[in-house]
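Coordinate inspection notes
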Amino acid sequence: MIRVQRQDFDVGAELAALTRDNPGIGGLCAFVGLVRDLSGGERIQAMTLEHYPGMTERELARIEAEAAARWPLAASLIVHRYGRLDPGERIVLVATAAPHRQAAFESCQFLIDWLKTKAPFWKQEETADGARWVEARAEDDQAADRWQDPRPEAAE
Amino acid sequence: MIRVQRQDFDVGAELAALTRDNPGIGGLCAFVGLVRDLSGGERIQAMTLEHYPGMTERELARIEAEAAARWPLAASLIVHRYGRLDPGERIVLVATAAPHRQAAFESCQFLIDWLKTKAPFWKQEETADGARWVEARAEDDQAADRWQDPRPEAAE
Amino acid sequence: MKVLYFAWLRTRAGLSEAEVSPPPGVTDVAGLIEWLKGQGEGHAAALGEPRLVRVAVNQVHVGPDHPLKPGDEVAFFPPVTGGGAAGGGR
Amino acid sequence: MKVLYFAWLRTRAGLSEAEVSPPPGVTDVAGLIEWLKGQGEGHAAALGEPRLVRVAVNQVHVGPDHPLKPGDEVAFFPPVTGGGAAGGGR
């Protein structure tokens with residue numbers, strides 16, 4: 001399930017809904033991305049997330065389908081916010097549930113890694129010097145590239 | 001922070017408390033372990049977790065301190081239940097928060113992997129044939145062994 | 001054909017959306033970019049650093065040799081930066 | 001010296017806790033196990049499969065050659081199985 005929204009989300013309620021009435025789930029992994037107050041050593045007053053409505057939803061759904069094809073998932077969820085956010089606010093929730101925990105951890109990390117390099121979101125940070133667009137980071141490309149090749153070990 | 005308790009926990013409230021008033025946190029990773037209704041193909045009616053009061057708390061605190069020594073964590077939490085649980089019930093919550101997401105993911109997985117081979121908990125499953133003690137799994141030893149050696153790449 | 005700009009490409013272009021009618025010789029993304037650069041300062045400024053320009057056609061990521069047809073929605077944007085905390089931090 | 005059993009070692013021993021006074025020749029965990037096996041059917045049944053017996057002294061995991069002193073709390077238990085979902089599942 002994917003959702004793109006301006007408003008905040010309730011992590012506990014989202015995760016409870018994801019696993020409810022599915023006692024085959026043994027492990028649930030969740031990642032929450034938050035607005036940091038520092039970026040490259042500079043204090044951030046606020047952040048604005050721009051996105052590409054329509055393509056964002058398509059791209060998130062595609063990434064989620066890719067995870068479901070690679071791991072035996074019982075459920076998954078991506079909720080991503082846009083608009084203006086203060087430091088400490090939640091930006092994104094990614095969660096995956098599976099019979100075993102390794103699949104939950106790997107697929108959750110896959111989702112956030114791919115999302116960060118493929119989903120059309122752009123951050124603008126506000127500092128004391130004004131607003132500036134955040135540049136993409138090489139670490140994020142490297143994190144995403146790990147998942148490019150079909151994984152050699154395909155054991156259950 | 002570690003807690004060993006009989007009663008359920010509120011995942012949303014726990015995670016919100018973990019990151020509250022700390023805007024230096026960029027990523028929060030959480031794992032929730034749940035009681036599965038199947039074990040080795042057999043239907044589970046309930047599960048009882050026995051533990052070693054005193055040692056459990058010591059061991060969890062030791063594991064948490066080890067994670068804090070290996071990764072730059074802003075906060076971490078382990079909540080583990082004991083007693084009789086039904087399928088679908090939460091057993092354990094592990095969460096770690098860090099400036100960057102890789103540290104959050106790795107340390108969270110480290111905590112659950114080590115917990116599963118070091119914290120003195122034992123599961124007894126109830127099936128239609130009666131109660132039986134769950135045997136330790138080789139996969140869990142392998143998962144824990146990954147973290148034995150100081151990791152060769154120590155990049156920030 | 002609809003052209004969209006996002007993030008700092010939008011700021012540089014001074015517009016977020018434009019309806020354009022390239023000539024028949026423009027058959028792919030690379031051709032469209034070259035043609036747009038001659039269609040005013042905004043387009044030229046937005047597309048001036050091709051290394052930093054990513055393209056989606058009809059909301060799907062594509063490369064420079066992706067073919068175009070009338071009615072396509074072509075979006076130009078910098079590398080994406082969503083998702084919260086960056087990848088580093090071991 | 002206090003001896004504790006957990007999980008199926010407790011079930012087999014038929015007791016969860018015992019106060020024992022091993023002779024001076026018992027100086028380490030391995031020695032205690034050997035001595036306990038002669039202290040009744042319960043101890044013998046619990047400790048009969050040494051490959052599956054883990055030991056903690058004063059609530060810390062130890063090996064068979066860990067030294068013992070009067071007043072120690074010695075716990076015997078099988079490999080632990082807490083934490084929810086098992087590790088497999090890629």
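Refer to the structure above for everything that follows.
Residues numbered from 1 in each chain as written. Chains lettered and ligands numbered in written order. Predicted model: local features only at pLDDT ≥ 70, side-chain atom pairs only at ≥ 80, totals over all residues. Heavy atoms only, no water.

Contact residues are listed per partner, giving 31 residues for chain B and 25 residues for chain D. For the chain B and chain D pair, buried surface summed over both sides reaches about 2,200 Å², with 58% attributable to carbon and sulfur atoms. Across the pair E50 of chain B and R10 of chain D runs a salt bridge, and its minimum N-O distance is 2.4 Å. Taken together, the links from chain B to chain D amount to 13 residue pairs in polar contact (both at pLDDT 80 or more). Of all the secondary-structure elements, those providing two or more residues to the side of chain B that touches chain D are β2 (27-34), β5 (46-51), α2 (55-70), β8 (90-98), α3 (101-118), β9 (121-127) and α4 (138-145) of chain B. The element best represented in the side of chain B that touches chain D is α3 of chain B, accounting for five residues. Classifying every residue of the side of chain B that touches chain D by side-chain character gives 16 nonpolar, five polar and ten charged. (Contact = heavy atoms within 4.5 Å. Buried area = accessible area lost by both parts, 1.4 Å probe. Salt bridge = Lys/Arg side-chain N within 4 Å of Asp/Glu carboxyl O. Polar contact = N/O pair within 3.5 Å; in protein donor to acceptor, adjacent residues only side chain to side chain. Helix = DSSP H or I, 4+ residues; strand = E, 2+ residues; numbered from the N terminus. Nonpolar A, V, L, I, M, F, W, Y, C, P; charged D, E, K, R; others polar.)

Right, let's talk about the pattern of salt bridges for a bit. Pairs can form between side chains of opposite charge whenever their charged atoms are close. In the structure shown here, the tally under the stated rule is 40 salt bridges over all chains. Here R84 of chain B makes a salt bridge to E126 of chain B, at a shortest N to O gap of 2.8 Å. Placement of R84 of chain B in strand β7 (residues 83-85) and of E126 of chain B in strand β9 is noted, with a sequence separation of 42 residues between them. A salt bridge links E139 of chain B to R137 of chain B; the nearest nitrogen and oxygen atoms lie 2.6 Å apart. Here the salt bridges do not stand alone but share partners, grouping D8, R81, E89 and R90 of chain A into one network.

Bringing the sheet that holds strand β7 (residues 83-85) of chain A into the picture now. Residues and elements named next belong to chain A. Within the open sheet, the four strands sit side by side as β7-β5-β9-β10. Their pairing is antiparallel. The sheet is open, and its two edges are formed by β7 and β10 (130-133), each paired on a single side. For this sheet, the mean angle separating the axes of adjacent strands, direction not counted, is 25 degrees. Judged from the six bridges that link them, strand β5 (residues 46-51) and strand β9 (residues 121-127) form a sheet pairing that is antiparallel. By the bridge assignment, M47 is partnered in β9 with E125. (Pairing = 2+ DSSP bridges. Axes fitted to C-alpha atoms, helices over the stretch in contact; angles between N-to-C directions.)

All right, on to the sheet that holds strand β6 (residues 75-81) of chain A then. Taken in spatial order, the eight strands make up an open sheet running β1(A)-β6(A)-β8(A)-β2(A)-β2(B)-β8(B)-β6(B)-β1(B), and their pairing is mixed. Single-partner strands in this sheet number two, and they are β1 (2-5) of chain A together with β1 (2-5) of chain B. Recorded for the sheet is a direction-independent mean angle of 10 degrees between the axes of neighbouring strands. Pairing of β1 of chain A with β6 of chain A, which is carried by four bridges, proceeds in the parallel orientation. From the neighbouring strand, Q5 of chain A faces β6 of chain A, where its bridge partner is R81 of chain A.

All quantities given are derived from atomic positions and should not be read as evidence of function.
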